[in-house]
Amino acid sequence: MGTDTATLEDFRLETRNWIEENYPDTLKAPMRAGEHVNGGRNCEFFHPDAKLWLDRMAEKGWTCPEWPKKYGGGGLDEAGSRVLSEELARQNCRPPLVGMGRFMLGPTLLQYGTHEQRLEHLPKIARGEIRWCQGYSEPNAGSDLASLQMRAEDKGDYYLVNGSKLWTSDAHLGDWMFCLVRTDFGAKKHSGISIVLFDRTDPAVTVTPITLISGYSVFYETTIDDLKVPKTSLVGTENEGWAIAKFLLTHERVMISGAFGPTVRPVSEIGKEYLGEENGRIADPIVRDQIAKQDMDDHAFALTSKRYDELTEKGASAGAASSMLKHVGTKFAKNKMELLISISGNQALGWEGEGFNDQELNLARTWLRSKGYSIEGGTSEIMLNIIATRVLGLPKN
Ligand SMILES: Cc1cc2nc3c(=O)[nH]c(=O)nc-3n(C[C@H](O)[C@H](O)[C@H](O)COP(=O)(O)OP(=O)(O)OC[C@H]3O[C@@H](n4cnc5c(N)ncnc54)[C@H](O)[C@@H]3O)c2cc1C
């Protein structure tokens, strides 16, 4: 769509009306942890109308508004996508679909994939039919990701893949995996890496849960034993996967920077929901001061994210900027969770049992989950290293 003001204003009005008519009333309640829709063959819709909302949005191409229509997207430009997200936020709509396919692999295939790969995978992502998981980290390759050792041997028209990946989030729910493998075993570590796609449910792929102290398992170890991956599933050029891996990481970092807090609702609003406006704690001048500061930080961050989107849409490099967004966004999101906990006091520290309502239990879980924000997708120390060397020009140590 065009970007002149009259057209955009028409689009805004149409969008507003469409959302009013199509957003299910039952979803107009605060989202609880775990209610995000990641899609996939095994998708559980914790809210009955979340599927209806996903289908309605997918039908318009608005689960992935900026993707071309031929690949299941909405064909909107940056200004149109921005209007859509503003209107969705205005009516407090839940995102119809989140996840690694939507925000990480999709943009990567649009940049590096073949037309056939895009046609095969993107519409299924946009409709929420296939969920993707990420095979990057290994037992000896986390921050130093380029040390990865998973082998993919050239067998003519396919690769034979062997090795293991660690910390694969929700691997048991992932239908497909994008995976970094080593295809040249003698090359320097950043060379000789490739990125391949495969069906995670292939019998050659085993996922083993890593149980956390909470008793839950969100992470898996993925072991691959003689998996045959056709060469048509290689993304980009063999041995040149490091550049693609970094491109995908910039999208992951931007996704993480906004997913958990700063671009979501102001803490002043959420605070009122947890406590009610008359609650004594929220009337405390020190707490009010902290809330105002958090809201200002979040607002400034949202504006910076908007500027980032506009600049990258015009072709500016996303690399180091995505590290800044990741570092600052996750810091603000963690602060926001700390503040909500401090506002709520002891009631926010319940894990289970009577005496705590759903919202309080949800808050405790989200607060603990927030501790991972500054680790996943690259730790804050690594983000600061990137900023130090690439933005400030400091020497590498
Ligand atoms: C919630 C969550 C979800 C995740 N999901 C996935 C997933 O789906 N798929 C996947 O592949 N991986 C996933 N990961 C793994 C994640 O990418 C790694 O945990 C992360 O890259 C750090 O690697 P590591 O855990 O091996 O820590 P290490 O690399 O061993 O780092 C340990 C500590 O040393 C610091 N450190 C390391 N090197 C440097 C340096 N050069 N300078 C300064 N400090 C340094 C780090 O900042 C960190 O504090 C997930 C992690 C989390 C927390």
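Keep in mind it's a predicted model, so treat the numbers as computed, not measured.

What counts and how
One numbering rule holds for all chains: residues counted from 1, following each sequence as written. pLDDT decides what is reported in this predicted model: residues at 70 or higher carry local features, side-chain atom pairs at 80 or more are listed and counted, and totals for whole chains, interfaces and linings draw on all residues regardless. Think of it this way: any DSSP run of H or I at least four residues long counts as a helix, any run of E at least two long counts as a strand, and we number them from the N terminus. Counting other C-beta atoms within 10 Å of a residue's C-beta gives its exposure: the residue is buried at 20 or more, exposed at 12 or fewer, and partly exposed in between, where C-beta atoms are placed from the backbone. Here the contact rule is simple: place C-beta atoms from the backbone, and any two residues whose C-beta atoms are within 7 Å are in contact. Each residue after the first adds 1.5 Å to the expected span of a helix. Each nonpolar core reported here comprises buried Ala, Val, Leu, Ile, Met, Phe, Trp, Tyr and Cys residues connected via C-beta atoms within 7 Å. Here, nearness is defined through the C-beta atom: a residue counts as near a molecule or strand if that backbone-placed atom lies within 6 Å of it. Under the scheme applied here, ten amino acids are nonpolar (Ala, Val, Leu, Ile, Met, Phe, Trp, Tyr, Cys and Pro), four are charged (Asp, Glu, Lys and Arg), and all others, including Gly, are polar. Domain delimitation follows an automatic or database domain assignment. Two strands qualify as a pair provided DSSP detects at least 2 bridges between them. Note on method: axes are straight lines fitted to C-alpha atoms, helices fitted across the in-contact stretch only, with angles between N-to-C directions ranging 0 to 180 degrees. What sets the label is the angle itself: under 35 degrees gives roughly parallel, over 145 gives roughly antiparallel, 65 to 115 gives roughly perpendicular, and the rest give oblique. The handedness criterion is simple: a crossing whose near helix is rotated anticlockwise from the far helix by less than a right angle is left-handed, and one whose near helix is rotated clockwise is right-handed.

### Thoughts on the overall build of the protein chain
Per the secondary structure count, the protein chain includes twelve helices and eight strands. The C-alpha extent of the protein chain, read off along each of the three principal axes, is 70 × 50 × 45 Å. Each of the 397 residues in the protein chain was classed as buried or not, and the buried ones make up 37%. A separation of at least 24 residues holds for 72% of the contacts in the protein chain among residues at least 6 apart in sequence.

### Remarks on helix α12 (residues 380-391)
End to end, α12 covers 15 Å across twelve residues, agreeing with the expected 16 Å (1.5 Å per residue, within 8%). Looking one or two places after α12, you find Gly-393, whose phi comes out positive at around 75 degrees.

### Regarding the nonpolar core
Membership of the largest hydrophobic core comes to 79 residues, with the highest contact counts inside it found for Trp-132, Val-161, Cys-179, Leu-180, Ile-195, Val-196 and Phe-198. With residues up to four places along the chain from it excluded, the contact list for Ile-195 reads Phe-178, Cys-179, Leu-180, Val-235, Gly-236, Gly-241, Ile-244 and Ala-245.

### Focus on the site of the ligand
The ligand sits among 19 residues. The nearest are Tyr-136, Gly-142, Ser-143, Gly-372 and Thr-379. Counting only elements with at least two residues in the shell around the ligand, the list comes to β1 (132-135), β3 (158-169) and α12. Here the shell around the ligand is built from residues that sort into five nonpolar, eleven polar and three charged. Counting the residues that make up the shell around the ligand, at least three belong to each of domain 2 (132-241) and domain 3 (260-391).

### What about the pairing of β1?
Across the two faces of β1 the burial is the same, with Trp-132 and Gln-134 and Cys-133 and Gly-135 all buried. Note that β1 and strand β4 (residues 176-182) share four bridges and pair parallel. Residue Cys-133 lies in a different strand from β4, and its bridge partner there is Met-177.

### Focus on unusual backbone geometry
Despite not being glycine, Asn-92 has its phi angle at roughly 55 degrees, a positive value. Taking the number of C-beta atoms within 10 Å as the measure of exposure, Asn-92 has 14 and is therefore partly exposed. Phi at Asp-170 is positive, roughly 50 degrees, even though this residue is not glycine. Counting through the fold element by element, Asp-170 comes out in the loop between β3 and β4.

### Some words on helix α9 (residues 285-313)
Taking 1.5 Å per residue as the helical rise, α9 with its 29 residues ought to reach 42 Å, and the 42 Å between its terminal C-alpha atoms agrees with that figure. Listing the buried residues of α9 in full gives Ile-291, Gln-294, Asp-298 and Phe-301.

### Focus on the environment of Phe-178
Residue position: Phe-178 is located in strand β4. As a C-alpha pair, Phe-178 and Ile-195 span 17 residues in sequence and 6.9 Å in three-dimensional space. Residues within four places of Phe-178 in sequence aside, it is in contact with Leu-105, Trp-132, Gln-134, Gly-135, Ile-195 and Leu-197.

### Focus: the domain arrangement of the protein chain
For the protein chain, the assigned domains are domain 1 (5-98), domain 2 (132-241) and domain 3 (260-391). Between the C-alpha centres of domain 1 and domain 3 there is a distance of 23 Å. The partner domain 3 presents eight residues to the four residues of domain 1 that form the contact. Tallied by class, residues from the side of domain 1 that touches domain 3 come to two nonpolar, no polar and two charged.

### Some words on the packing of helix α4 (residues 100-112) against helix α5 (residues 115-126)
Two numbers describe a pair of packed helices, the interaxial angle and the distance between the axes. In the contact formed by α4 and α5, the axes pass within 10 Å of each other and the chain directions differ by 160 degrees. By the angle between their axes, α4 is roughly antiparallel relative to α5. As α4 packs across α5, the resulting crossing turns out to be left-handed. Contacts between α4 and α5 involve Gly-101, Arg-102, Gly-106, Leu-109 and Leu-110 from the first element and Gln-117, Arg-118, His-121, Leu-122 and Ile-125 from the second. Here the residues of the contact of α4 with α5 sort into four nonpolar, four polar and two charged.

### What about the packing of helix α10 (residues 319-344) against helix α11 (residues 358-369)?
Running from N to C, α10 and α11 cross one another at 145 degrees; their axes reach a closest spacing of 9 Å. α11 is crossed by α10, and the crossing has left-handed handedness. Only Glu-360, Leu-363, Thr-366 and Trp-367 of α11 make contact with α10, whose side of the interface consists of Met-337, Leu-340, Ile-341 and Ser-344. When its residues are assigned to classes, the contact of α10 with α11 shows five nonpolar, two polar and one charged.

### Digging into the environment of Leu-109
Position of Leu-109 relative to the elements: it lies in helix α4. According to the C-beta neighbour criterion, Leu-109 is buried, with 26 such atoms within 10 Å. Among residues more than four places away in sequence, those in contact with Leu-109 are Gln-117, Arg-118, His-121, Leu-122 and Val-235.

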